[in-house]
Amino acid sequence: MKKILFVLVLVAAFLVSCSMGPPVQRKAPPKLPRSSPETTPRELERILSLSAIGNAEVDLVTNQLILTTLRKGSGGMRAKL
């Protein structure tokens, strides 16, 4: 009986020692150079401005029409066309 218990303890110790190997070291991702395009300052030209409704602007760099609505207390909406 003592031999069986001794063998079980040895097997358990072996299994524990196998499961506790060296810690896995993960490689850090390589640092890539920033390749984002240079940002240009926006040139917004206001076309229409109504204090109760909102305003309309045009972006001269991207040729987008930007409509902005104003709602007091609950925010507003901005759409780019």
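Heads up: the structure comes first, above all this text.
Because the structure is predicted, anything quoted here is derived from the model rather than measured.

What counts, and where the lines are drawn
- Residues numbered from 1 in each chain as written.
- Predicted model: local features only at pLDDT ≥ 70, side-chain atom pairs only at ≥ 80, totals over all residues.
- Heavy atoms only, no water.
- Helix = DSSP H or I, 4+ residues; strand = E, 2+ residues; numbered from the N terminus.
- Buried < 20%, exposed > 50% of the residue type's maximum accessible area, 1.4 Å probe, protein only.
- Polar contact = N/O pair within 3.5 Å; in protein donor to acceptor, adjacent residues only side chain to side chain.
- Contact = heavy atoms within 4.5 Å.
- Patch = residues over 30% accessible without salt bridge, like charges linked within 9 Å, V, L, I, M, F, W, Y side chains within 5 Å.
- Areas by Shrake-Rupley, 256 points an atom, 1.4 Å probe, with all protein chains shown as cover.
- Salt bridge = Lys/Arg side-chain N within 4 Å of Asp/Glu carboxyl O.
- Pairing = 2+ DSSP bridges.

(A) Expanded view of the side chain of Glu57. Relative to the assigned elements, Glu57 resides in strand β2 (residues 54–59). Using a relative accessible area of 8% as the deciding quantity, one classes Glu57 as buried. A distance of 3.4 Å separates the side chain of Glu57 from the side chain of Arg46, its partner in a polar contact. When sequence neighbours within four positions are dropped, the list of residues in contact with Glu57 reads Leu44, Glu45, Arg46, Ile47, Gln64, Leu65, Ile66 and Arg78.

(B) Representation of a nonpolar patch on the surface within the structure. On the surface, Ile47, Leu48, Leu50, Ile53, Leu65, Leu67 and Leu81 cluster together into a nonpolar patch covering about 650 Å² of accessible area. Listing elements by their share of the nonpolar patch, those giving two or more residues are β1 (44–50) and β3 (64–71). Per-element accounting of the nonpolar patch gives the leading share, three residues, to β1. Locating Ile53 in the fold gives a position in the loop between β1 and β2. Given the relative accessible area of 52%, Ile53 is considered exposed.

(C) Representation of unusual backbone geometry within the structure. With a phi close to 55°, Asn63 is a non-glycine residue in the positive phi region. With respect to the helices and strands, Asn63 occurs in the loop between β2 and β3.

(D) Region of interest: the pairing of β2. With five of its six residues buried, β2 lies for the most part within the structure. When β1 meets β2, the two strands line up antiparallel, connected through six bridges. The residue bridging Leu44 from the neighbouring strand is Asp59, located in β2. Hairpin geometry of β1 and β2 is characterised by an intervening segment of three residues between the two adjacent antiparallel strands. The antiparallel pairing of β2 with β3 creates a hairpin that spans four residues between the two strands, and Asn63 there sits at a positive phi of about 55°.

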